[in-house]
Amino acid sequence: YDRISQDPNYTTSLSMVGVVGLEIHAQIHAASKLFSSSGVRFSAPPNSLVACFDASLPGTLPVLNRRCVEASVMTGLALNCTINRKSLFDRKHYFYADMPAGYQITQQRLPIAVNGSLTYSYLGGRKRNQVVTKNVRIKQIQLEQDSGKSLHDDHRNQTLIDLNRAEGQLRVDANVSVHRPGEPLGVRTEVKNINSARYVAKAIDYEIQRQMEVLDTGGTILNETRAFDSKSGATVPMRDKEGLQDYRFMPEPNLPPLFVYESVASVPAGVDPTQVVVIDRLKAILPELPGVKRAQLVEEYGLLPEHSFTLVNEVGLMDYFERVIQKTKAEPRKVIGWVIKELLGNLNQNGLRLTQSPISSEALAELLNILESGHISTSAAKVVFQEMWKLPEKSVKQLVAELDLELISDQEQILQICRRVVDAHPEEVRVIRAGNKKVLNKLMGIVQKETKGRTDPLQVRRILEEMTS
């Protein structure tokens, strides 16, 4: 992460760069918890999904959830990691009410996946139409027991604990430091428990700028834990109990080493292959990654890169686009214009998701087929589209007929309309004949208005050019 100070008041910080490391806590999509059979349900009543192990009752033992192991392996594969065939569990000791056992089960010594990378792209440049590709190193992926949730009641001066451990699908701890190129890395601070990607960006930006300002004024950066205040957009020091601790890591005695296997053939004799985690099986069901799909859209359909980003980033939009492609004769580049400008534009304007769209992919394909057949003009098709939005129960053919938008096929009628427009605008005709051909567009617009968009623009232009030459 490189950031150069843009503030002219901080001239010495112009040569500083920021260094950022992220520790990302992502909740695994599973029916039960990592080490117990208790269910997982978002917004369940507090402490309603707590097994004896979750409450750390004496004599209870952890049982590893295979679904969680498979999810971590698939994540490692997606991030180009080396999957450790053998990984270990450890105890991370700390005393806090949200972890009643006094320790957390994690993977500190030998995690399940290491040494990965994430290659990502975004649209940059002045017009945001240039694809910029970056690469981020992934140190490791580890399975870790989630802590409970602390609810602080300042009014009653008490803290309540919810051990459901099913809240917070994403939390990020950002480690941030600044230094001048060529010098050793600076002292880092850790901004903990950031709960959205937008806040992560804001916290990092603020912390880099804060550290630059501290150093510019002769101060020193403290190795401390901070929190991000979403209201002020600033990071603030956390209480002492959140500071640096000696976690006294030790091997987890109640869990044996975790083994995963490359293929069914590598599973030891006497072990049921259906009861173990096999990497080849997971590779086969790994979904297509966004970067691969974007490249495929550009290559297969000839789309612009920025359009491929929109299709992949908007949930369900790529499938919608491909369903339209399968049922229409229109070129993909024409289809993408309707999907992004008309469909997505209307959805955004009305605050709707794609699943709430009144226009199905089949209906849009029908509209484009009628447009391609030459029965209606592009401007008329846009009118029909807006009516489809209001009256989704009606077919495209019904709306075209009711609105009387089918193209005028009578050549003599078109000639008469164009002659009438030319005769009614002698000044525009004089300017066109003087060499300003752009004014012809005005006459075309008038013809289109009189015919309610029921004429072919190319045909109208050709007629008007002849009449004004």
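Model, not experiment: these values are computed from the prediction.

A. The arrangement of the overall build of the protein in detail. Each helix and strand in the protein was counted, giving 14 helices and 15 strands. Since a compact globule built from 469 residues should have a radius of gyration of about 23 Å, the 31 Å found for the protein marks it as more spread out than a globular shape. Within the protein, buried positions represent 40% of all 469 residues. Total accessible area on the protein stands at roughly 26,800 Å², and carbon and sulfur atoms take up 52% of it. Measuring between centres, the 58 positive side-chain charges of the protein sit 1 Å from its 55 negative side-chain charges.

B. Representation of the side chain of lysine 293. Looking at the secondary structure, you find lysine 293 in helix 4 (residues 290-301). Judged by its relative accessible area of 9%, lysine 293 falls in the buried class. There is a polar contact of 3.2 Å between the side chain of lysine 293 and the side chain of glutamate 322. Sequence-distant contacts of lysine 293, defined by excluding residues within four places in its chain, comprise Glu288, Val312, Met318 and Glu322.

C. Structural detail: the nonpolar core. Counting 38 residues, the largest nonpolar core has Leu311, Phe321, Val339, Leu343, Leu364 and Leu367 as its most contacted members. Secondary-structure elements contributing two or more residues to this core are helix 4, helix 6 (317-327), helix 7 (332-349), helix 8 (361-372), helix 9 (378-390) and helix 10 (396-402). The element that contributes the greatest number of residues to this core is helix 7, accounting for 8 residues. Among all residues touching leucine 311, those that are not within four sequence positions of it are Leu297, Leu303, Leu317, Met318, Phe321, Ile336 and Val339. Ile141, Leu255, Leu258 and Ile279 belong to the second largest nonpolar core, which has 26 residues in total.

D. Spatial organisation of the pairing of strand 10 (residues 170-179). For strand 10, the buried fraction is high: 8 of the 10 residues fall into the buried class. Bridge analysis of strand 1 (residues 17-26) against strand 10 gives 10 bridges, and the strand direction is antiparallel. Of the residues in strand 10, the one forming a bridge with isoleucine 24 is valine 172. Direction of pairing for strand 10 relative to strand 11 (residues 189-194): antiparallel, over a ladder of 4 bridges. Paired with valine 176 across the two strands is threonine 189, which belongs to strand 11.

E. Looking closely at the sheet that holds strand 2 (residues 82-83). What the 3 strands build is an open sheet, ordered 2-6-7; its pairing is antiparallel. Looking along the sheet, the strands with just one partner apiece sit at the ends: strand 2 and strand 7 (130-141). Two strands pair when backbone bridges link them, and strand 2 and strand 6 (residues 113-124) are joined in this way by 2 bridges, in the antiparallel orientation. Across the sheet, isoleucine 83 pairs through a bridge with alanine 113, a residue of strand 6. On the sheet, helix 5 (residues 305-313) packs against strand 6 and strand 7 and is oriented at approximately 120° with respect to strand 6.

Conventions adopted
- Residues numbered from 1 in each chain as written.
- Predicted model: local features only at pLDDT ≥ 70, side-chain atom pairs only at ≥ 80, totals over all residues.
- Heavy atoms only, no water.
- Helix = DSSP H or I, 4+ residues; strand = E, 2+ residues; numbered from the N terminus.
- Rg over C-alpha atoms; globule rule 2.2 N^0.38 Å.
- Buried < 20%, exposed > 50% of the residue type's maximum accessible area, 1.4 Å probe, protein only.
- Areas by Shrake-Rupley, 256 points an atom, 1.4 Å probe, with all protein chains shown as cover.
- Lys, Arg positive; Asp, Glu negative; His and termini not counted.
- Charge placed at Lys NZ, Arg CZ, Asp CG, Glu CD.
- Polar contact = N/O pair within 3.5 Å; in protein donor to acceptor, adjacent residues only side chain to side chain.
- Contact = heavy atoms within 4.5 Å.
- Core = buried A, V, L, I, M, F, W, Y, C linked by side-chain atoms within 4.5 Å.
- Pairing = 2+ DSSP bridges.
- Axes fitted to C-alpha atoms, helices over the stretch in contact; angles between N-to-C directions.

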